[in-house]
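One letter stands for each residue in the lines below.
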Amino acid sequence: MLAEFLQFLFSGITVGATYALAALGFTLIYNASHVINFAQGEFIMLGGMLAVLFAQMGLPLPAVLLLAILVPAIVGVLVEKLAIEPVKGAETVTLIIITIGASLVIRGLIQVWLGKNTFSLPAFSGDEPIHVLGATLLPQSLWVLGITALVVVALWYFFNRTLQGKAMLATSVNRLAAELVGINTSWVLFMSFAMSAALGALGGILITPITMTSYDVGIMLGLKGFVAAVVGGLGNGLGAVVGGLLVGILEAMGAGYISSAYKDAIPFVLILLILFFMPRGLFGGKSTDRV
Amino acid sequence: MNKRIYYGLYGLIVILLVLPFVVPNNFYLDLAVRMAINAIIVIGLNLLIGFAGQISLGHAGFLGIGAYASAVLPMHFGWHPVTAMLTGALASALLAALVAKPIFKLKGHYLAMATLGLGIIINIALRNEAQWTGGPDGMPVMPMALFGFEIGSDRQWYWVVAALLVLTVWGSLNLIDSPFGRALRALHGSEVASQVVGVNVARYKVSIFVLSAFSASIMGSISAHYIGFISPNFADFFHSIELVTMVVIGGMASVYGSIVGAVLLTALPQALATFEGWETVAFGAILMLCMIFMPRGLVPTLAARFSKGDDK
Amino acid sequence: MSLLEVKDLSIHFGGVKAVQNVSFSIDSGIVYSVIGPNGAGKTTLFNLITGVYTPTSGEIRLDGEIIQGKSPDELARRGMARTFQNLQICMNMSAIENVMVGAHLRLDRNLFKAMLRLPALKRRDEALREEAAGLMEFVGLGEYVGARADAMSYGALKRLEIARALAMKPRLIFLDEPAAGLNPKETQEVDHLVRKVADSGITVVLVEHDMKMVMNLSDRILVLDYGRRLAEGTGQEVRANPDVIAAYLGTHA
Ligand SMILES: Nc1ncnc2c1ncn2[C@@H]1O[C@H](COP(=O)(O)OP(=O)(O)OP(=O)(O)O)[C@@H](O)[C@H]1O
Ligand SMILES: [Mg+2]
């Protein structure tokens, strides 16, 4: 009983960590621009696929990691510069459609380039499972959780202790005021796209040794990341992390105890329920639209 | 004053009447039928996206409900195809109302998310309930019969769908230029302004969402009967995006634009068939380029160009 | 009984107390002005009364009936109309359609009848178009009857909002800075227009920074400062009030 429960919990927090990274990505961009970046999932896919590619080329792990984060970050910046900047201030519908377009382009290009196969990446430190109270834990899960925790702490430090981070926060609260005090808001936009693409890619790399990857995993992972962001109250960083873990755990529990066939439906049932009953998410504050 | 907007409808009727006699072979007739079916769906979706300013990323889910109602109910339960079709459409409308009521109190992103989630859940259910739906492989659909009269040939379908298209265009043009339609456009233009003149914003959004879900469901049923076979791909996310692309490229808030968008993007896969795999890239690029350089879409942009001068 | 009674009305946005314990009442048929420096809470007060914001505390009564917390469309049904300081024009519609949408509640809004273009509905709509054109004439926009909203000047759009509000046939109209950003000639015209509206029997509540216009039009004036009621009374009373003088002239007094 306990062993089974622990097993589901382990797999839940492991994928949950990926959702959390994706959710943080959504949150960063949302705060900087009020854009919901529907291409976020493609950065997860890009991270995983590029890591596989670079690993197959024989590069050492640190180089693989670095490149598979850097390239998606550049793609993220390109998306921002080429597709988001030119339509500044457009309607929500327009922005949603543009980011969906970007996501299709990225996915399509990868499909044409690397094909439709499923790829795997060797685990960072072997596949010898660790036994905990009758459940098994993959060493890769520890990598996922450890690195995610590090990233969360680093982000916290960045936003609360550095000038650049505070500038980004200030912009999210009041863009005009931020511009008036001399913050370069287009730099903020640039940074938030680069960072959120990098976060997504990192999640994608970390999880690939466990779940494998292919050109089309981005949509689902991205959407679940978005669910996590909304669960946590769109725009709330801590909420995004908690939301990610929660979505991951509920999905694993649902798959284990209820129906594995409906595993992918669980986050969406969750989001519908949350939107019905707590429209601002678990951690969202109340605000009144100004007229 | 707005009489001119109906001229397009007369033009459409003429084209639809002549078309079956000038197409070289059945391949083009089949293409025309699928274009018309898409056009009807896209007009309904455009009422929601273009006129009311709300987005649905799960519309293929409603197509799927209609299509599978028409496939499953007659096959497994011996229902009459028309009853099955209407049941599917009512189920779609009900589901749309159920989801939309709480969601429409929220802003754009949340609706996008909720509709997307709904579409995905529907799709997963269709894939998983294999004993009814045939799972990922899909299932055959029995032919449509009306008053004991079986609609079988492409040509028969053509006339049915053409008539529906004309009715849809006419009904939509009427709707837009009516108190209901004005309220719908007003809440898009300024939600708070429409509220203070008495528009119950949530109710209008729900109504139009339900209407477009109903129409999508009916057209899903018709597609299923027409093709004679249905698979979950018909109800997947990509198909939803395809429909949104048709709205966007043809022109948001343009009924005729929807027809143009449907015609172009139904033909596109044929044109791209030789470039296996580039379809997704092409769709994505069209979406982005369209939104950046021609945000109003083809028809409104061209119309504005031609009618410059007599507007002022 | 007054037409509108406001008692101890407050709203807070986080730490900002935009309106604090404001009370006043407005009799039917008068021109009532709300004045105060920038950020005093005038627009917020309008938003509270017209249902756009929900008050943190306090009471609003229309005809003696409690209305706070009701939605703007319900209040529209009870005869409240308003314009916006920051233009809220539907740029996706023509000018005259913007006015026609003001008559929303007076029309048959049935979806199916609309789709079938029933003759009765159509005739009513044609009549409304005439009426809307008349209203545009009334507010001085006769030349724009055939125009698109996005082709109109700022000053014209301000009046278009008034025409839209009038199309509701309201009992009570709230005008939020109708003359802001207008040149002296246009301001003069808006002054006359407000007079005409008041003379037609509609109770007018006005927010305006142009003191000449306020003093000229108002039967009574409410002065707000930092969200609080500073003074209330006739133009003369308010002008003589030392608090008002201090607030308006500050240390120069
Ligand atoms: N939705 C809101 N959220 C947060 N603060 C708000 C909101 N609406 C108004 N405020 C604040 O309430 C205060 C009063 O604003 P309001 O717009 O009512 O002033 P006003 O008297 O209309 O000023 P002006 O003459 O400049 O129009 C301001 O400090 C404003 O920033
Ligand atoms: Mg104001």
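The sections below set out a description of the structure shown in this document. (Residues numbered from 1 in each chain as written. Chains lettered and ligands numbered in written order. Predicted model: local features only at pLDDT ≥ 70, side-chain atom pairs only at ≥ 80, totals over all residues. Heavy atoms only, no water.)

What to know about the site of ligand 1
Residue and element names in this part refer to chain C. Taken together, 17 residues sit near ligand 1, with Gly39, Lys42, Thr43, Thr44 and Gln85 positioned nearest. At 2.7 Å from an oxygen atom of ligand 1 is found a side-chain nitrogen or oxygen belonging to Thr43. In the model, a nitrogen atom of ligand 1 is placed 3.1 Å from a nitrogen or oxygen of the Tyr53 side chain. Relative to its free-state accessible area of 640 Å², ligand 1 is covered by the protein chains to the extent of 77%. Listed by contribution, the elements that provide at least two residues to the shell around ligand 1 are strand 2 (16-26) and helix 1 (42-49). Counted by class, the shell around ligand 1 contains six nonpolar, eight polar and three charged residues. (Near = heavy atom within 4 Å. Polar contact = N/O pair within 3.5 Å; in protein donor to acceptor, adjacent residues only side chain to side chain. Areas by Shrake-Rupley, 256 points an atom, 1.4 Å probe, with all protein chains shown as cover. Helix = DSSP H or I, 4+ residues; strand = E, 2+ residues; numbered from the N terminus. Nonpolar A, V, L, I, M, F, W, Y, C, P; charged D, E, K, R; others polar.)

A word on the nonpolar core
By size, the foremost hydrophobic cluster in this structure holds 250 residues, and its most contacted members are Phe38 of chain A together with Leu57 and Val169 of chain B. The biggest single contributor to this core is helix 2 (residues 26-51) of chain B, with 15 residues. Residues from two domains meet in this core; each of domain 1 (1-79 + 171-253) and domain 2 (91-169) of chain C gives at least three. For Val169 of chain B, the contacting residues outside a window of four places in its chain are Leu9, Leu12, Ile43, Val255, Tyr256 and Ile259 of chain B. (Core = buried A, V, L, I, M, F, W, Y, C linked by side-chain atoms within 4.5 Å. Buried < 20%, exposed > 50% of the residue type's maximum accessible area, 1.4 Å probe, protein only. Domains from an automatic or database assignment. Contact = heavy atoms within 4.5 Å.)

A closer look at the sheet that holds strand 5 (residues 65-66) of chain C
All names here are of chain C. Read across the open sheet, the four strands follow the order 2-1-4-5; overall the sheet is antiparallel. Each of the sheet's edge strands pairs with one partner strand only, and the pair in question is strand 2 and strand 5. Across five bridges, the pairing between strand 1 (residues 4-13) and strand 4 (residues 57-62) is antiparallel. Considered in strand 4, the bridge of Lys7 is made with Glu59. (Pairing = 2+ DSSP bridges.)

As far as function goes, none of this settles anything; it's purely spatial.
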